[in-house]
Amino acid sequence: MRVIAFEEHFATPQFLLETGHAQIESQTTRLTDVGDGRIAEMDAAGVDVAVLSLTVPGLEQFAAADALPIAHDMNDFLADAIRRHPERLRGFAVLPTADPLAAARELDERVTGGQGFVGAVINGHCQGRRLDDEFFWPILECAEARRVPIYLHPTPPPQPASDLLYAGNYSPQVAEAFATNAWGWHIETALHVIRLILSGAFDRFPDLQIMVGHMSESLSFMMPRLDVTLPTALTELEQLPSHYLRRNVFYTFSGFNWLPQFLQLLLQVGVDRMMFSTDYPYRSMSEATAFLGGLPLSPEDREAIAHGNAEKLLAI
């Protein structure tokens, strides 16, 4: 069975240094290896194609003037890796999100340039602003026009939100984990998607496709509640929230290798909206493929999640 994995992270040593994004040594080695070492791990786990994306915090917290040259460098680095392993690697373009027109140009050039880019990654809010702000809609317009998805990856909440919501009667280390991978950045990503829906972005760009990880970032659990509390009479949208969540959003595993969460998502959105990912190097590729292989699915549904849906969406 062919396996295509999304949310597979990379970085350069310089990027990690400039962003102060501390990693344990083994993660740093795996993040910066987009060559033989990564391919060997893919072989061992049974992953045929990895779609690479820049790790958090991405470029969304950079000023526009600073983000643009870094985006060029990151995408050139990734394009070179894809060129050396054209059968095994693809990429989500890194964007200078703070300059939406430049970001749209970068996306357009990368996905039409024959370099192996199949969409873009945006790491959460852009200095506190989110994609529901029409300031960013040139990016959405370009993604729709080029028929490529935007992978909306979590990032830490804005500092005022972290201070208000996540600091408490516990250590700063606990507060940091609470605000990020334990809870906060999943909820922040779900919030981001809901804001996109409520802004009318998907009515304006009906063919736009967004991808989120971590078995929906809690969105599947909340779908019925969103429909009840946000009817079209209130929102003035064309459809209920669940319509957009089933039509305009794809969902990946991203290390959530737990059967109840998988079944919840499957029941809400169906197999055609689900894709495989491992969240490498933060989670194990082998554990992810073992989880995929053990799911109570028909062979046809397992293959749809493993590769079929990705092939239809991205022509990989």
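Look a little higher up for the structure.
Quick caveat, the model's predicted, so the values are computed rather than measured.

A word on the environment of phenylalanine 117
Here is step 1: Considering the arrangement of structural elements, one finds phenylalanine 117 in strand E4 (residues 117–123).
Here is step 2: Residue classification places phenylalanine 117 among the buried positions, given a relative accessible area of 6%.

Re the sheet that holds strand E7 (residues 249–252)
Here is step 1: Pairing within the open sheet is parallel, and its eight strands lie in the order E1-E2-E3-E4-E5-E6-E7-E8. The sheet is open, and its two borders are formed by strand E1 (4–10) and strand E8 (274–275), each paired with just one other strand.
Here is step 2: The sheet contact formed by strand E5 (residues 150–153) and strand E6 (residues 210–212) spans two bridges and is parallel. By the bridge assignment, isoleucine 150 is partnered in E6 with isoleucine 210.

Focus: the pattern of salt bridges
Here is step 1: According to the stated counting rule, one finds eleven salt bridges in the structure shown.
Here is step 2: Here arginine 30 makes a salt bridge to glutamate 41, at a shortest N to O gap of 2.8 Å. On the criterion of sequence distance, the pair formed by arginine 30 in helix H2 (residues 25–32) and glutamate 41 in helix H3 (residues 36–45) is long-range, its members being eleven residues apart.
Here is step 3: For arginine 30, a relative accessible area of 32% puts it in the partly exposed group.
Here is step 4: Glutamate 41 sits in the partly exposed class, given a relative accessible area of 28%.
Here is step 5: Between arginine 146 and aspartate 108 there is a salt bridge, with its nearest N and O atoms 2.4 Å apart. One end of the pair, arginine 146, is in helix H6 (residues 137–146); the other, aspartate 108, is in helix H5 (residues 100–112), and 38 residues separate them in sequence.
Here is step 6: Because the salt bridges share partners, they merge into one network encompassing Asp76, Glu106 and Arg110.

What counts and what doesn't
Along every chain, residues carry numbers that run from 1 in the direction the sequence is written. Reporting of local features is limited, given that this is a predicted model, to residues whose pLDDT is at least 70; pairs of side-chain atoms are given and counted only at 80 or more, and all residues count toward the totals for whole chains, interfaces and linings. The side-chain figures draw on all heavy atoms in the structure; neither hydrogens nor water molecules are used. Secondary structure elements follow DSSP: runs of H or I of four or more residues count as helices, runs of E of two or more count as strands, with numbering from the N terminus. Summary of the burial criterion: residues with accessible area below 20% of their type's maximum are buried, those above 50% are exposed, and those between are partly exposed, where the area comes from a 1.4 Å probe applied to protein chains only. Pairing between two strands requires that DSSP report at least two bridges joining them. Salt bridges are defined as contacts in which a side-chain nitrogen from Lys or Arg sits within 4 Å of a carboxyl oxygen from Asp or Glu.

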